[in-house]
Every structure is written in C-alpha cells, then in structure tokens.
Amino acid sequence: MNALRLGTRRSELATTQSRQVADRLTELTGRAVELVGVTTVGDVTKGALSQLGGTGVFVSALRERLIAGEIDFAVHSLKDLPTAPDPRIALAAVPPRQDPRDVLIGRAKLADLPRGARIGTGSPRRVAQLLALREDLECVPIRGNLDTRIGKVASGELDAIVLAAAGLNRLGRDGEIAQIFEVDEMLPAPGQGALAVECLAGRADLIELLGVLDDAATRAEVTAERAVLAALEAGCAAPVGAFALLEREVHLEREAHLEREAHDARQAHDARQAHREDPLNLTAAVIAIDGTRSVRKSTAGPAEAAMDLGRACAAAMIAEGAGTLMGERNH
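Computed from a predicted model, the values in this text were never measured in an experiment. (Residues numbered from 1 in each chain as written. Predicted model: local features only at pLDDT ≥ 70, side-chain atom pairs only at ≥ 80, totals over all residues. Heavy atoms only, no water.)

A. The pattern of salt bridges, seen in detail. A full pass over the atoms with the stated rule returns 23 salt bridges. For the salt bridge of Glu138 with Arg118, the shortest nitrogen-to-oxygen distance reads 3.0 Å. Of this pair, Glu138 sits in strand 7 (residues 138–140) while Arg118 is found in strand 6 (residues 118–120), placing the two residues 20 residues apart along the sequence. Judged by its relative accessible area of 27%, Arg118 falls in the partly exposed class. Shared partners join several salt bridges into a network, and the residues in it are Arg5, Asp72, Arg203 and Asp205. (Salt bridge = Lys/Arg side-chain N within 4 Å of Asp/Glu carboxyl O. Helix = DSSP H or I, 4+ residues; strand = E, 2+ residues; numbered from the N terminus. Buried < 20%, exposed > 50% of the residue type's maximum accessible area, 1.4 Å probe, protein only.)

B. Layout of the packing of helix 9 (residues 216–231) against helix 12 (residues 306–319). Where helix 9 contacts helix 12, the two axes come as close as 7 Å, and the packing angle between them is 35°. Here the hand of the crossing between helix 9 and helix 12 comes out right-handed. Between helix 9, through Ala220, Thr223, Ala224, Ala227, Val228 and Ala231, and helix 12, the contact on the second element is made entirely by Ala306, Met307, Gly310, Arg311, Cys313, Ala314, Met317 and Ile318. A breakdown of the residues in the contact of helix 9 with helix 12 according to their chemical character gives 11 nonpolar, two polar and one charged. (Axes fitted to C-alpha atoms, helices over the stretch in contact; angles between N-to-C directions. Left-handed = near helix turned anticlockwise from the far one by under 90°. Contact = heavy atoms within 4.5 Å. Nonpolar A, V, L, I, M, F, W, Y, C, P; charged D, E, K, R; others polar.)

C. Broad picture of the sheet that holds strand 5 (residues 102–106). If you trace the five strands from one edge of the open sheet to the other, you get 7-6-8-5-9, paired in mixed fashion. Each edge of the open sheet carries a strand with a single partner, namely strand 7 and strand 9 (179–180). The pairing of strand 5 with strand 9 spans two bridges and is classified as antiparallel. Bridge pairing links Leu104 to Gln179 in strand 9. Across the sheet, helix 5 (residues 124–133) is in contact with strand 5, strand 6, strand 7 and strand 8 (160–164); its angle to strand 8 comes to roughly 125°. Strand contacts of helix 6 (residues 146–154): strand 5 and strand 8, with the helix running at about 150° to strand 8, the strand carrying the most contacts. (Pairing = 2+ DSSP bridges.)

D. Representation of helix 5. Counting buried positions along helix 5 gives eight out of 10 residues, so the element sits mostly inside the fold. Where helix 5 is concerned, the buried positions are Pro124, Arg125, Arg126, Val127, Ala128, Gln129, Leu130 and Leu131.

E. Layout of the sheet that holds strand 1 (residues 4–9). With mixed pairing, five strands are arranged side by side in an open sheet as 2-1-3-10-4. Looking at the sheet topology across the chains shown, the edges are occupied by strand 2 (33–38) and strand 4 (89–93). The sheet shows a mean angle of 35° between the axes of neighbouring strands, taken without regard to direction. Where strand 1 meets strand 3 (residues 73–77), two bridges bridge the pair, whose relative direction is parallel. Pairing of Leu6 across the sheet is with Phe73, part of strand 3.

F. A look at the pairing of strand 1. Extensive coverage of strand 1 is indicated by the burial of five of its six residues. Relative to strand 2, strand 1 runs parallel, the two sharing six bridges. Note on strand 2: the bridge partner recorded for Gly7 is Val36.

The structure is reproduced here in structure tokens:
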C-alpha cells in the first residue's frame, strides 16, 4: 500500500506539526505517510498579512495541490483557514488543541519593560490588546520564521515579541517564554493552537481514515470561535479575539455522579441523555486598533450548538458597535 502524501508548508513549525500528525496517524492506523513540502504565497511575500488580505495566504497553495491530486491530505494551522467553506474540501479532522494562548518573548514581563518599549507583532489583534494593556508601547510589524523574530530581541532591535504558545510548545522552545498572557488579558485568534486536517470532500475512504485524529471537544471549541469570525465577516487579520472552552472535567464528573445515583442501566442512560448539554463557554471581543475601546461578550451553551453560540455572540457584539471598531483599522 502506497504511503499517503501529506502536504505541508516548508517552515520548521509547519513541518514539525505535520510530522506529529503523520506519526499519530501511522500509530493509529498503520498507514505510512510521507511529507510533501509546498511553498505558499504567505511564505514568499514580505508584506504584512493584513495588506495581503490575510485570510488564505498560507492555505490556497496546499488546497490547489489537493484538488490537482498531487497530495492526499494537508495540515494547516486552523486559524489560517478562511471561514467560508470550499465545497471541494473536507475538514476531516481537528486534532486535540495545543495551548491557545499568546506569549511574550523578551527580557522581562510586559509590566516590567521600559516605557515606550518596542514590541514586535504583525497581528492587529495583538497590537490592539497590547495597547489596551499599555498605551505607551510601540508595536512594530514583524514577519519571518521563529529564529528571525527571536533574533530581533536578542540583538536589541526589539524589546520583546508576541507569539503563539502552541508553536513554541510544538518546537520544544517553551523555555524561552517570558510571560504567558491569560485569555482575560489577551484573547487568542479564533482557532489558535489547533490544527486542521483537510482532504478532498469526495474521498470518503480518506475522511474515515483521518477521522481517528479528530477531537470532538476541540472541534466544538474552534467551531464556536470561527463562527464569531464568520458572522462578523472579519478575516484572520482583523482585531478579533475569541476563546471557547468545553468544560470536559465538569461534564465527566457530572455524568459519573448520575451513573452512581442511577438504580439501573436504563436510568443511567436516561440521566446521561438528559444532561448531554456539555457546557461550552465562549468569550469574544473586537478591539479598536489603538486599544482604547472594545466590545466584549460571553455566552455559554451545549457543545452541539457551537455554531449558533458563535453567531449569537457576534450578533450581540454587532448590536453594540463592533462593526465600527473593525472598520476603523482601515482609517
């Protein structure tokens, strides 16, 4: 049986996380997987992602290879996926999510950096939230691989940079983190820390095979987060943060208690069905690019209603002027 061809961006982080997915698939199914490096528009363009349109710049080349039959499946950072579905492509699996939070790499924690400190980040979402925490900061656009970005701190060109915790964890470089931003300080990008495994929608056999990688809880969380983004009609470069968390432990403890209290198997089953509404908590915000204003909303509901939760949260924010805050980034 031929090895499955896994398309991946060529960066160290992309190939590392793709190799981790490949190894896990081989472990679970016995299928061999070979990596196929693909160069995307986002990899070869020096400009800011927000100026490139943001959404899809790291994804389209991999999808083109899928459609052309040159690869069997692809792995992306899920936050890079456009929210609009492509009917030719199936999201076959969302593996368990890594730490979704943002982190600071620098000589000190944010509060201890000098006044007017230069912080490197190309993300409007991060810029807006950094300025909300400290209005004196100078945020500097930055691109490049991990070593290039960290090198700007080591050389003194920047006082610190902001990155995603997940990438550092996957590369085993979490020891370089000076501060982890909790989600109440800095909301992550929708889908941050999660991976997306895609294949052709017509490959039912492959969708079934890749399904062993899927984590239902992570899928519910990122579905809610991305529904916010879609309803706001915002791209991945917009100053929008969203974080959903399925209270797995609460649910498991409650279900175990119900089973202990039940008098027979049928009653236990009925009790579980009556309490299947796993608590999915969602918080989202749109922040003015200068950090001075924001619209922030939280909601909760069953995991099965993840899409509806995201849409409802977005609608509540739009009703309070979130659209105006997003528009201001272009002025």
